[in-house]
Structures are given as structure tokens and as C-alpha cells.
There are 2 protein chains.
Amino acid sequence: MEERADALRRLRRTHEEAVLAVLRAEGPRSRARLMRDTGLSRTTLFAIISDLMERRVVVESGPAEYGPRQRGRPPTLVSLNPDAGLLVGIDLGRRRVRVAVANVAREIVAAASDDTADADEDERADLAIALLRKTCEDKGVGLAALEAVGVGLVGVLDAPGRRRRAVERLEAAFGVRVEADNNARLAALAERVWGAARSAGDLVYARWSVGVGGGFVAGGRLLRGAHGASGELGHVSVDPAGPRCHCGGRGCLEGRIGVPALLDAIAARGVRLTGTDDLLDAARSRVPAVTDVVVEAARTLGTVLAGAVVQLDPERVVVGGDLALLGGLVLDPIRSAISELALPGTRRAVDVVPADLGPAAAAMGAIALVLTDRDAMPPPRLR
Amino acid sequence: MEERADALRRLRRTHEEAVLAVLRAEGPRSRARLMRDTGLSRTTLFAIISDLMERRVVVESGPAEYGPRQRGRPPTLVSLNPDAGLLVGIDLGRRRVRVAVANVAREIVAAASDDTADADEDERADLAIALLRKTCEDKGVGLAALEAVGVGLVGVLDAPGRRRRAVERLEAAFGVRVEADNNARLAALAERVWGAARSAGDLVYARWSVGVGGGFVAGGRLLRGAHGASGELGHVSVDPAGPRCHCGGRGCLEGRIGVPALLDAIAARGVRLTGTDDLLDAARSRVPAVTDVVVEAARTLGTVLAGAVVQLDPERVVVGGDLALLGGLVLDPIRSAISELALPGTRRAVDVVPADLGPAAAAMGAIALVLTDRDAMPPPRLR
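A short tour of the structure in this document, coming up. (Residues numbered from 1 in each chain as written. Chains lettered and ligands numbered in written order. Predicted model: local features only at pLDDT ≥ 70, side-chain atom pairs only at ≥ 80, totals over all residues. Heavy atoms only, no water.)

**A look at empty space enclosed by the protein**
Okay, so step 1: For the coordinates displayed, the defined rule picks out two cavities of 30 Å³ or more.
Okay, so step 2: Looking at the largest cavity, the residues that line it are Leu-223 and Ser-230 of chain A together with Asp-202, Leu-203, Val-204, Phe-216, Val-217, Ala-218, Leu-312 and Pro-314 of chain B.
Okay, so step 3: Of all the elements in the fold, those that place two or more residues in the lining of the largest cavity are β9 (203-208) and β10 (212-218) of chain B.
Okay, so step 4: Looking at the lining of the largest cavity residue by residue, the class counts come to eight nonpolar, one polar and one charged.
Okay, so step 5: Its boundaries defined by the atoms lining it, the second largest cavity holds a volume of some 30 Å³.
Okay, so step 6: Asp-202, Leu-203, Phe-216, Val-217, Ala-218, Leu-223, Leu-312 and Pro-314 of chain A together form the lining of the second largest cavity.
Okay, so step 7: Looking at the lining of the second largest cavity, the element that brings in the most residues is strand β10 (residues 212-218) of chain A, giving three residues.
Okay, so step 8: Considering only residue class, the lining of the second largest cavity consists of seven nonpolar, no polar and one charged. (1 Å grid on protein atoms, 1.4 Å probe; cavity = no way out; pocket = protein on both sides within 12 Å on 5 of 7 lines; lining within 4 Å. Points joined across faces, edges and corners; volume = space filled by probe spheres on them. Helix = DSSP H or I, 4+ residues; strand = E, 2+ residues; numbered from the N terminus. Nonpolar A, V, L, I, M, F, W, Y, C, P; charged D, E, K, R; others polar.)

**Notes on the relation of the copies chain B and chain A**
Okay, so step 1: Mapping chain B onto chain A calls for a rotation angle of 180 degrees and an axial translation of 0.1 Å; the resulting RMSD is 0.2 Å. The relationship between the two copies is best expressed as a two-fold rotation axis. Considering only C-alpha atoms, the residue of chain B closest to the rotation axis is Ser-41 of chain B, which sits at 1.9 Å. (Least-squares fit on C-alpha atoms with pLDDT ≥ 70 in both.)

**Brief notes about the environment of Val-193 of chain B**
Okay, so step 1: Relative to the assigned elements, Val-193 of chain B resides in helix α6 (residues 183-194).
Okay, so step 2: For the pair formed by Val-193 of chain B and Arg-284 of chain B, sequence separation is 91 residues and the distance between their alpha carbons is 30 Å.

**Quick notes on the pattern of salt bridges**
All names here are of chain B.
Okay, so step 1: Under the defined criterion, the tally for this structure stands at 34 salt bridges over all chains.
Okay, so step 2: Among the ionic pairs, Asp-126 bridges to Arg-169, the shortest N-O distance being 2.6 Å. Linking Asp-126 in helix α4 (residues 121-139) with Arg-169 in helix α5 (residues 165-174), this pair joins segments that are 43 residues apart in sequence.
Okay, so step 3: Residue Asp-126 is classed as partly exposed on the basis of its relative accessible area of 35%.
Okay, so step 4: By relative accessible area, which is 33% here, Arg-169 ends up partly exposed. (Salt bridge = Lys/Arg side-chain N within 4 Å of Asp/Glu carboxyl O. Buried < 20%, exposed > 50% of the residue type's maximum accessible area, 1.4 Å probe, protein only.)

**Thoughts on the sheet that holds strand β13 (residues 351-354) of chain B**
All names here are of chain B.
Okay, so step 1: With respect to topology, five strands assemble into an open sheet ordered β11-β10-β9-β12-β13, the strand pairing being mixed. Pairing within the sheet leaves two strands with one partner each, and these edge strands are β11 (221-222) and β13.
Okay, so step 2: As paired strands, β9 and strand β12 (residues 316-320) are joined by five bridges and run parallel to one another. In the strand pairing of β12, Tyr-205 is matched with Val-318.
Okay, so step 3: This element, α6, spans β9, β10, β11 and β12 of the sheet and lies at about 130 degrees to β9.
Okay, so step 4: With respect to the sheet, helix α11 (residues 328-341) is in contact with β9, β12 and β13, its orientation differing from that of β13 by roughly 160 degrees. (Pairing = 2+ DSSP bridges. Contact = heavy atoms within 4.5 Å. Axes fitted to C-alpha atoms, helices over the stretch in contact; angles between N-to-C directions.)

**Brief notes about the interface of chain B and chain A**
Okay, so step 1: Each partner contributes to the interface: chain B provides 60 residues, whereas chain A provides 60 residues.
Okay, so step 2: Summing the contributions of chain B and of chain A, the shared interface buries around 4,500 Å²; its carbon and sulfur component is 58%.
Okay, so step 3: Inspection of the chain B/chain A interface yields zero salt bridges.
Okay, so step 4: On inspection of chain B and its partner chain A, the count reaches 17 residue pairs in polar contact (both at pLDDT 80 or more).
Okay, so step 5: For the side of chain B that touches chain A, the secondary structure elements donating two or more residues are α1 (2-26), α2 (31-38), β10, α10 (288-312) and α11 of chain B.
Okay, so step 6: No other element matches the 10 residues that α1 of chain B contributes to the side of chain B that touches chain A.
Okay, so step 7: Of the residues that constitute the side of chain B that touches chain A, the class distribution is 25 nonpolar, 20 polar and 15 charged. (Buried area = accessible area lost by both parts, 1.4 Å probe. Polar contact = N/O pair within 3.5 Å; in protein donor to acceptor, adjacent residues only side chain to side chain.)

Given below as C-alpha cells:
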């Protein structure tokens, strides 16, 4: 019986999403028209609309001005509530915090970022709260209509039951639902919904910066994993007898190719660099000690990605993060490794492409995370 | 507009599955009662039932004998067609072909297997066809009511557009829909639907025999991949500079730990074994040269599975295939590798368990492959 209750809950959710998809695609609609468009019975449809109105997701508006005149009182129309449904995406990144606000039509109505200046995660949450309030004030966006907040966090998430303090701070500040996920996985989601993998049902995304993370999309859905930690490419061991990683494992990819490891390897070749921007500049200037290290690291990433391609059979591999800004210098060794190691006998095409959405990807993915009707959604536009 | 058409097709499929789930769980129902149970409108429900009747999935039966008498003609009832919906699962394995037949209530009504005697895939298809016909005749099962055939094939599948001749032979023999998938992935599906991972939403399955294969379940669904090749654990490279594999890659896991490789490594230690059964016997007798090789191979498999656990975050790892019959001898090294390399800092429990379903798993998975309402399905029973 529990299975049946589950099935009916899922069915109701599907019905609700069908109603919202029609309203979003077609604009205001009468109840009679919604019955025809969705195939739902009067009873079912009216119950769903009354629930959506209670939650202020839809509102009733005046009768239609257009269309043939009918006998009796013209029908009232149901439409999405323009004053509701603000969604906020926050990325509490290592180097910058980013915020983005989308309205009910999924247009980005405000966005901003700020340096973290070595703040810890709790401090970064406070920074994001202040940044969001100021940005919304500047743009005249009222946060009273806020519906939910998505937040991207650095690192491996714990079991879903254990919430981080940063999430609690955001809940206390805004009084709405807050959902958290790893920020690399959120970037993968954003690339899938709006970016380089928009049409791809099966996607492997890698994010290569100070840390190395990733996210997988299969059959159009972001994989979550049993503990919310799917996609952790950075902690695949490339050397089971190698040095201990902060995750407790040994020889993890992140310890081999994350920016700190690259800076160390480059320093060992006599070139001192001070950080990511410095590294990117030197690589773009084709300093040999730097390009050698970067290319070797890209090949190592390519080997791990080849394994992911063999296991997950994606149609596309998207590489994001700071290092992806180096283009062919890092993408070509990755492409080689994949074409040499990932089932070359099958002659499948697996595109390896750079990410589209740039550094705001995780904040946009955080918005996608709290959307309930992701599939029916048009791409966001800057207003 | 295409997205909307897609959404409506999905909605219709959901409606159809809801109707079938109610009929399966509750037995025959009037249309009026089905409207209440599913929340569908009269128009939608009647269209779905008329389509299901045309496809002979449901039938109309006499009026209900029970319940309060109502005015007018008592309603006819809609029920699942007991003479329809036979499903056949076939596993064209390297060493044996296996067939299984399930009725509309998902009871296994016939099952058999036969030695392949080194037949190629086309010959194995013919063998399976003859075996199935004979078994059904012996059991009095009429194949006229056959609805679909699922078939498990060895090796990496090509792009979905290209069909194998074995599939064409089965279509010609039975004149029904035939769906094919890799047999290791089908075994994973069977373990998820009926076996060792029945309650697990996220599962990594490895099948270790002559070849090495696998399958992944995420969020309750078997991952397919963009080209139908998700789960190919056997072709993850464990040595990018290693020997060439038949897949075209280098240093693949299968070339390192598949039974032929194990026999070679054991022969190099002076012990000659002739095949899988011989290998299993020697390992069970704890012949040191044999157990050393097997344990080292299990550790290598464990390293690859640790990578899969990091990337996919399953709650359970299921190990099947002939080598899994050795129990702790192979499972313990796998457990060690996973607990050392797969995010030990997070202290998550990942069960590593042997497969439940034995050698018929792939044939059962082939039945699950052609089911359309897999989630609503009770476990199969031998009748």
C-alpha cells in the first residue's frame, strides 16, 4: 500500500508540474482551458489550483479580454504569480562568493560577487547574505517574495541528515527553504540546464580549479548519490600507494592536479608563481616549465575522465573551472586520453568541450537546484 | 513546442502506468472507480483504456457481482488480460544460454539453460530459440500470448541504431518487440528489482567471470548511457601504458583480472588450471598460488570499484559472476580497497555484498528490461 501512496504522490506532483508548464508556456488560462490542455479531471485540477493558490504560486486574474464572447459570466483566469517565486542562488566558493536572483519567469534580475578574503564558510555565508541584500536594494528587487534559496558549498558533503551551519545561517536570515549541494555538481547542473550541455542527456562535468570536482548527468538528471556526493572526480585515486589526501584516501586526483599541487610542481622546476591568476598568465605566455606541468596534469585528468566515460557512457564531457580557461592546452591532452583509453574500438564520438557559463555557473546551478519544474523551464535571460 | 509535446507524451505514459498499477494492485475495476483512483478525467481515462484494449493489455469482463446494486446496467469491469503479457528473458552468455518466461502477474512460469559449446552469438540465439520452444511445450506455456523478448548480450554494445543479427533472429522467430542490452547490466537491473539491492536506490554492480562487466543504478534507475554502454567497469584502464585490450584501449581491468588472465598468472606460478570451475575449486581448496593471484586481482577490482564509489556514491556494491562465489576471499580485499580509497574521511557505510540471484540474473534482468511498469511490480515467484 505504501508503494501505491508513493505512486499517487508522484502522480500528483506530475499533474502539478503539467499545470505549471502550461501556464509558463501559454500564459494565463481559464480552468476549463487548463482541463483540456492537461487532460485532468475537474476535481483533480481544481484541487491542484486551490493548493497552488494557497502557496501563492498562482493567482486568479480578471476575465479574458480576448476570444469569442460566451454566455454568462466570463471565466476568471489562472496565472503564475508575478510577485512570487523569487529564487536565489548562492555559491560560497573558496575565492569568491556569488549571488544570483531569478524571478518567477526565470529571468536573472540581480547578480553580484565579492572576494572572500580567506573567510571561512560561516563568514562567507554572512558575506553572501549582506551582498544579496545590498544588490537587491540597488536593483529594487524585494526579497519579501523570496521562495527558496539554493547554495553551493565547497567540498564533500556529509550525509543529508547533517546540515552545515552556513545553511542554518541562510535559513535564519531569509526564513525560506534552503537547499545545499556541492558547488561543482551545481555547476554541472547549470551547464546541463542552460550551458554547454543543454541538449545532452548524458554528461560528465569536471571542474578544475584549486580543488577538483565534478557532476554527472544521466538521462537528463543530475546524479545525486546515496549520500549526496555523486561526481567527486577529485577523490578518485590515481595512485593507491600515494600520499594521504585530506579526504582520508591516498593518491587522490585533487592532490595531484589541484592548483596548489601544480604550483608546487612548477616551483620544483624553478618557477615561483603566487596563485591561480599567476599560473594562468604564465601558462598563456607558454612558459615551458608551466605548460609541461599543466599538460601532464591534464593528461592525468584525462585518464580519470576516460574511466568516467567508460563507466558512464556520456555523449559529452564538459570541463569547467579556472584551468579550463586555458582551452586547447588542457582540453587536447584530455581528448587524447579519452580517445586512447575509453573504448576506442567502438568509435563513438564523445565531445570534450569547455564550460559555457563561466564563474557564475554554480550560483546559477543553485537556482536550478531549487526549481521544481526544471524541465519545463526556458533559459534565464538578463533583464 | 516540441518540448511540450514531449511533456504531454510523458504525461500520457504516466497516466497509463497509473491505470495499470491500480489494476495490478487492486484487481478488476469499473471505469468510474478507475477515474476516482487515478484522478484522471473521463476523456483521458477512456482514451487510455481503449488504447490498452486495442493492444490487448487489458480486457473488459462481466459486471461486478459484489457491491451495492445501482440503477441501470451494472458497469463492466476492466482487468489485466490474463492471456497476454508473456515476457521472455534470454541471456546469450559466453558459456550458457538461459531462458526465462514470466506471465502477466510476473510469475516465472518456465526457465531453462543449455551449454553453448563454443557457439557464436548467432548460433547461441538459435540455441535459445529452440530451448525456449521446447521448454514452453514441456510446461504447457503457449507462446501465442508473447508480448516482448528481452535479451542479454556479451560485450560492449554499439550505438542503439545498429542492431545485432542475434536480435534480428529473435524478432523473426517470435514476431514481437525484442530489446537487447549488455548482460552484466541486465544482471544489475535484476539485482535491483528482485535481488541483493532491492531496497537500494543507488547501486554499483560488478560481474566478475571470464569477462568483467557491470551496471549502475542511480535514484532507482538503471543507467543506460548515451550509447547504451554505461557500467563497463571491465574497460576502465588500470594501466594507461599497459597491454592493448580487444576494445582498443590499454591496460583494461578485464585484461588484468578476467578468468583467462587469472589462469595465465596462476600458470606462471606453476599451477595449470583448465577453466573457471577448475579455478574456483583450486581457490576453495586454498591452493596458495591460486589464492594469491585471486586476492591480488580482487584488490585491483576493489581499486576500480573504489573509484566508482567515489564517483557514484552508491549505498551498496554488489559483486556477481563466477568469482563472487568465492565469498570473503574476493569480497574482503574489495571491501578493504573501498574503505581505504573511497572517501574514508566521510565515514559512510557502503555495503559490499555478493549477488543474490545466481547465474539466472541476466535472463531475469532481460524480463525486467521489457517491463513497462517496473516500479509497480511485485517480485517474481516460481509457480
